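# Survey of secondary and tertiary structure
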Amino acid sequence: QFPHIMNITARKTRKEPQNKQVFLQGDIQLNDIDNIEISYWLHGGWIEQDNLYHRDAWLSVTKSINEEKQALIINTHLQGTQSGHYLAKVVVNAKQAVNKKNMFLIKLATPTYPPRHKETQDFKEEIVDNEDIGFQCSSFNWLTPFNSAWKYYGYKGSYLVNGNNQNISARFTPDLAAGTYKVLFHEETPFDPAKRIATVKQKWNAPEQLVDEALNPAPKFKVRIKHKNGIEEKWMKPLQSLEIGEFEFEEGTEGYVEILTMGSTGQVIADAIKFVLQK
């Protein structure tokens, strides 16, 4: 199984970000891979890596066996690239596998340093919203409850709910300067069922009615945090506290926070997460 899109951030201060690994699963094995094709989106079309000047090729993909796990190693490097966004396509050809061609995209962002966040215009606070480039989820499993019957719209006017799917996730990936950050859910996220007031529209001027709390209990769900020192998970009850914790992050987009619905109770909401620099 291959990811559809992989996002990587590099800067002049960090020209070669930590490599990423794509572990092979299912019927495909490293020995089945005949070749790996890399092409770049330039001037409105795809150009194969072999047809580029060496300084314009910023991606390499190699095969590796690590602790008996078969993987593709993704490496990026800046060289002559300027600040901006770049796109590459990787095609893995495996004639013996059921899926003979597997394709995924690599998005390379080379922003200025240090990152200045568009939501806050602040070097010390990052907010990742469900409509930002740093947010990822399956559009089939998360629903947008935005309509005229809802009074609370969340941060920047929208949020997503899990629609009772019990094994999905939503990922928030910030672009950070290196440091220790306090990580919190945004205070505008409508976690409280009692505040999600629906207007009954069966008649004109119908009275407002509270959402039935017995059918929509207070939320409890797990989050997964990837930071400089590893990955950890913890249960969250956002009506009791919005703070996820303090964690040390590396520069760039290596860290993330995932909302997990497995074992959750109540309506799980994906809206916005704040990363506030402490030191």
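Predicted model, so just to flag it, every value in this text is computed and none were measured.

### What to know about the overall build of the protein chain
- Across its full length, the protein chain holds 0 helices and 21 strands.
- Within the protein chain, counting contacts between residues at least 6 apart in sequence, those at least 24 apart form 69% of the total.
- Total accessible area computed for the protein chain in this model is approximately 15,800 Å², and 48% of it derives from carbon and sulfur atoms.

### A few points about the confidence of the model for the protein chain
- Of the residues in the protein chain, 75% have a pLDDT of 70 or more, and the chain-wide mean is 79.
- The lowest-confidence element of the protein chain is strand E14 (residues 197-199), averaging 47 in pLDDT; the highest-confidence one is strand E18 (residues 243-249), averaging 96.
- Below pLDDT 50 for its whole length, residues 198-204 participates in 10 contacts with residues either more than four positions away or in separate chains.

### Looking at the sheet that holds strand E12 (residues 169-172)
- The 5 strands are arranged E10-E12-E19-E16-E17 in an open sheet whose pairing can be described as antiparallel. Looking along the sheet, the strands with just one partner apiece sit at the ends: strand E10 (135-137) and strand E17 (230-236). With strand direction ignored, the average angle separating the axes of adjacent strands in the sheet is 20°.
- Sheet analysis places strand E16 (residues 220-227) next to E17, joined by 7 bridges and oriented antiparallel. Bridged to Arg-224 within E17 is Glu-233.

### Things to note about the packing of aromatic side chains
- Tallying each qualifying case throughout the model produces 9 aromatic pairs.
- On the numbers, 5.3 Å between centres and 70° between planes, the contact of Tyr-40 with Trp-58 is edge-to-face. Of this pair, Tyr-40 sits in strand E3 (residues 35-42) while Trp-58 sits in the loop between strand E4 (45-48) and strand E5 (59-66); the two residues are 18 residues apart in sequence, bridging distant segments of the chain. Comparing Tyr-40 with Trp-58, the two get one shared label, buried.
- An angle of 70° between the planes, with centres 5.3 Å apart, marks the rings of Phe-185 and Phe-191 as edge-to-face.
- With a relative accessible area of 2%, Phe-185 lands in the buried category.
- Accessibility expressed as a relative area gives 4% for Phe-191, which makes it buried.
- Through pairs of rings, three or more aromatic residues link up here, namely Tyr-181, Phe-247, Phe-249 and Phe-275.
- Stacked on the ring of Tyr-256, the Lys or Arg Arg-171 has its end atom at 3.8 Å from the ring centre.
- A cation over an aromatic ring shows up here: Lys-220 above the ring of Trp-235, its NZ or CZ 5.2 Å from the ring centre.

### Points about the nonpolar core
- Membership of the largest hydrophobic core comes to 29 residues, with the highest contact counts inside it found for Phe-185, Val-223, Ile-244, Ile-259 and Phe-275.
- Mapped by element, the contributors of at least two residues to this core are strand E11 (160-161), E12, strand E13 (179-185), E16, E18, strand E19 (256-265), strand E20 (269-270) and strand E21 (272-277).
- Non-local contacts of Ile-259, meaning those with residues more than four positions away in its chain, are made with Trp-142, Ile-168, Ser-169, Ala-170, Phe-172, Phe-185, Phe-221, Lys-222, Val-223, Val-268, Ile-269 and Ala-270.
- Residues Trp-58, Leu-72, Val-90 and Val-92 belong to the second largest nonpolar core, which totals 22 residues.

### Details of the sheet that holds E13
- The strand order E9-E21-E13-E18 describes an open sheet built from 4 strands, whose pairing is antiparallel. Two strands in the sheet have a free side with no partner beyond their single neighbour: strand E9 (125-129) and E18. In this sheet, neighbouring strand axes are inclined to one another by 20° on average, regardless of whether the strands run parallel or antiparallel.
- When E13 meets E21, the two strands line up antiparallel, connected through 5 bridges. Looking across to E21, one finds that Val-183 is bridged to Phe-275.

### Quick notes on the pairing of E16
- Burial along E16 is one-sided: Phe-221, Val-223, Ile-225 and His-227 are buried, while Lys-220, Lys-222, Arg-224 and Lys-226, pointing the other way, are not.
- In terms of strand pairing, E16 meets E19 through 6 bridges, oriented antiparallel. Each bridged residue has a counterpart across the sheet, and for Lys-222 the counterpart in E19 is Leu-260.

### Looking at the pattern of salt bridges
- According to the stated counting rule, one finds 7 salt bridges in the structure shown.
- Two residues, Arg-224 and Glu-233, come together in a salt bridge whose shortest N-O distance is 2.9 Å.
- Take Arg-224: its relative accessible area is 24%, and that puts it in the partly exposed class.
- In this structure, Lys-228 engages Glu-248 in a salt bridge whose closest nitrogen and oxygen atoms are separated by 3.4 Å. With Lys-228 in the loop between E16 and E17 and Glu-248 in strand E18, this residue pair connects regions lying 20 residues apart in the sequence.
- On the accessibility criterion, Lys-228 (44% relative accessible area) is partly exposed.

The rules behind each value
- Residue indices follow the written sequence of each chain, beginning from 1 at its first position.
- In keeping with the model being predicted, local features are shown solely for residues with a pLDDT of at least 70 and side-chain atom pairs are shown and tallied solely at 80 or more, while totals for entire chains, interfaces and linings include all residues.
- To get the side-chain values, take all heavy atoms of the structure and skip hydrogens and water.
- Helix and strand labels come from DSSP, where a helix needs a run of H or I of at least four residues and a strand needs a run of E of at least two; each type is numbered from the N terminus.
- Contacts are assigned to residue pairs with any non-hydrogen atoms lying within 4.5 Å of each other.
- Computed by Shrake-Rupley with a 1.4 Å probe, the accessible areas treat only the displayed protein chains as cover when residues are assessed.
- Per-residue confidence from the predictor is given as pLDDT, running between 0 and 100.
- By this definition, two strands are paired if DSSP reports at least two bridges between them.
- For helices, the fitted axis covers only the stretch in contact; all axes are lines through C-alpha atoms, and the angles between them, taken along N-to-C directions, range from 0 to 180 degrees.
- Between 30 and 60 degrees the pair is tilted, below 30 it is stacked and above 60 it is edge-to-face, where a pair is any two Phe, Tyr or Trp rings, Trp via its six-membered ring, whose centres lie within 6.5 Å.
- Relative accessibility thresholds used throughout: buried, under 20% of the residue-type maximum; exposed, over 50%; partly exposed, between the two (1.4 Å probe, protein chains only).
- Consider the ring centre and the ring normal. A charge sits over the ring if Lys NZ or Arg CZ is within 6 Å of that centre and within 35 degrees of that normal.
- What is meant by a nonpolar core is a set of buried Ala, Val, Leu, Ile, Met, Phe, Trp, Tyr and Cys residues, joined one to another through side-chain atoms within 4.5 Å.
- We define a salt bridge as a side-chain nitrogen of Lys or Arg found within 4 Å of a carboxyl oxygen belonging to Asp or Glu.

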